[in-house]
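Observations on the three-dimensional arrangement
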Amino acid sequence: MHLSKLSKGSRFENRDKRRKANVVLNILIGIVVILILVIGSQLMLGGNDSEQASKGTKEETGSNQIENEKNKEEKDKEQTAKEDAESEQDSSEEADAAEEDENAKEEPEESEAGEEVVTEGDPNSNVDQIIENPGWKPVGTSQSEPHAAQYDKNSQDWAEMIQAMSYATGLSESDMTIWFIGNNGSPNDAKGTISSKDKTQNYKVEITWVENEGWKPVKVEKLKQTETR
């Protein structure tokens, strides 16, 4: 009787141990499964993140490349436009220079405005120097148009002709002796012979009428001696 009870107790103990071992084993198996699931999910999520990052990097690289290409095209266009403008400017400057050279060749005796052109007179004549100045201007007038030259010493026209001759020669009217003023081939062209009162400066002066602006000097001949006619 006593042996039978011991045998039954031993069996219960063995079952209890197996049951506890199974519980522990199941727990370990569960832990392993959970670890596998966690690690697997992390790997999957990490892979997706890597793919997204790679995709984002590729998209960014492609966008940057497109932007760089656009910038390069814009710079190329700007450079081309700049080169074209410089080329046109160079061509314009060359054309202007060529035109200036051509004008200089065609008009070698032309001077700047206001600069006298002085040439020597014929040695066999009474003319010492011939003076012309492209900067000479009309002296102004109080007369109305139409104009007709008047050689009356008391006329306004006579006074304005003397003014033009004084302007051209530099002789003041108060230091001027008038030997002759008359027609010079047309109704609005005149000439005169004048000198300083001490007769050391003697001139022939040609003048022309400019409509509404008065008499303008055309040419001055500096004489070697007093010429009265």
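Residues numbered from 1 in each chain as written. Predicted model: local features only at pLDDT ≥ 70, side-chain atom pairs only at ≥ 80, totals over all residues. Heavy atoms only, no water.

1. Concerning the overall build of the protein
The condition that has to hold: Only DSSP runs of H or I with at least four residues qualify as helices, and only runs of E with at least two residues qualify as strands; both kinds are numbered from the N terminus onward. Here's how the labels work: a residue is buried when its accessible area is under 20% of the maximum for its type, exposed when over 50%, partly exposed in between, all with a 1.4 Å probe on protein chains only. Any two residues having at least one pair of non-hydrogen atoms within 4.5 Å are treated as being in contact.
The helix and strand tally for the protein stands at two helices and six strands. Seen in sequence order, the protein has helices and strands lined up from the N terminus as α-β-β-α-β-β-β-β. In the protein, which comprises 229 residues, the proportion classed as buried is 18%. Taking contacts inside the protein between residues at least 6 apart in sequence as the whole, the part at least 24 apart equals 44%.

2. Brief notes about the nonpolar core
Short version of the rule: Residues enter a nonpolar core if they are buried and are Ala, Val, Leu, Ile, Met, Phe, Trp, Tyr or Cys, with the set joined through side-chain atoms within 4.5 Å.
In terms of nonpolar packing, the biggest core is built from 20 residues, with I194, V205, I207, W215 and V220 touching the most fellow members. Among the secondary structure elements, those contributing two or more residues to this core are helix 2 (156-169), strand 3 (176-183), strand 4 (189-196), strand 5 (202-210) and strand 6 (214-223). Element by element, the count of residues in this core is highest for helix 2, at six residues. Residues in contact with V220, not counting those within four places in the same chain, are Q129, I130, I131, W136, A168, T169, Y203, K204 and V205.

3. Digging into the side chain of H147
So the rule is basically this: Here a polar contact is recorded for every N or O atom pair within 3.5 Å, except that within protein the pair must consist of a potential hydrogen donor and a potential acceptor, and residues adjacent in sequence are included only if both atoms are side-chain atoms.
By the element assignment, H147 lies in the loop between strand 2 (127-132) and helix 2. Owing to a relative accessible area of 11%, H147 belongs among the buried residues under this scheme. In this structure the side chain of H147 is engaged in a polar contact, spanning 2.8 Å, whose partner is the side chain of D157. Only 2.9 Å separates the side chain of H147 from the side chain of N188, close enough to count as a polar contact. If sequence neighbours within four positions are ignored, H147 has contacts with D157, N188, W209 and W215.

4. Remarks on the packing of aromatic side chains
Note the threshold: Stacked, edge-to-face and tilted labels apply to pairs of Phe, Tyr and Trp rings (six-membered ring for Trp) whose centres lie within 6.5 Å, assigned for plane angles under 30 degrees, over 60, and everything in between, in that order.
A complete count under the given rule lists one aromatic pair for this structure. With 5.5 Å between their ring centres and 75° between their planes, W209 and W215 make a pair best called edge-to-face. Like W215, W209 is buried.

5. Considerations on the environment of D189
Within the secondary structure layout, D189 lies in strand 4. Distance in space between the C-alpha atoms of D189 and E206 is 7.6 Å, their sequence separation being 17 residues. Only 2.4 Å separates the side chain of D189 from the side chain of S186, close enough to count as a polar contact. Among the polar contacts made by the side chain of D189, one reaches the side chain of T208 at a distance of 2.6 Å.

6. Quick notes on the pairing of strand 1 (residues 117-120)
We count it as follows: Here, a strand pair is defined by DSSP locating no fewer than two bridges between the strands.
Strand direction decides the pairing type here: strand 1 and strand 2, joined by four bridges, are antiparallel. Pairing of T119 across the sheet is with I130, part of strand 2. Hairpin remark: strand 1 followed by strand 2, antiparallel, with six residues in the connecting loop.

7. Structural notes on the confidence of the model for the protein
Note the following rule: Per residue, pLDDT captures the predictor's confidence, and it can take any value from 0 to 100.
Considering every residue of the protein, the mean pLDDT works out to 81; 77% of them sit at 70 or more. Highest mean pLDDT in the protein belongs to strand 5 (96); lowest belongs to helix 1 (residues 2-106) (71). Throughout residues 104-113 the model reports pLDDT below 50, and contacts reaching past four residues in sequence, or to other chains, amount to five contacts.

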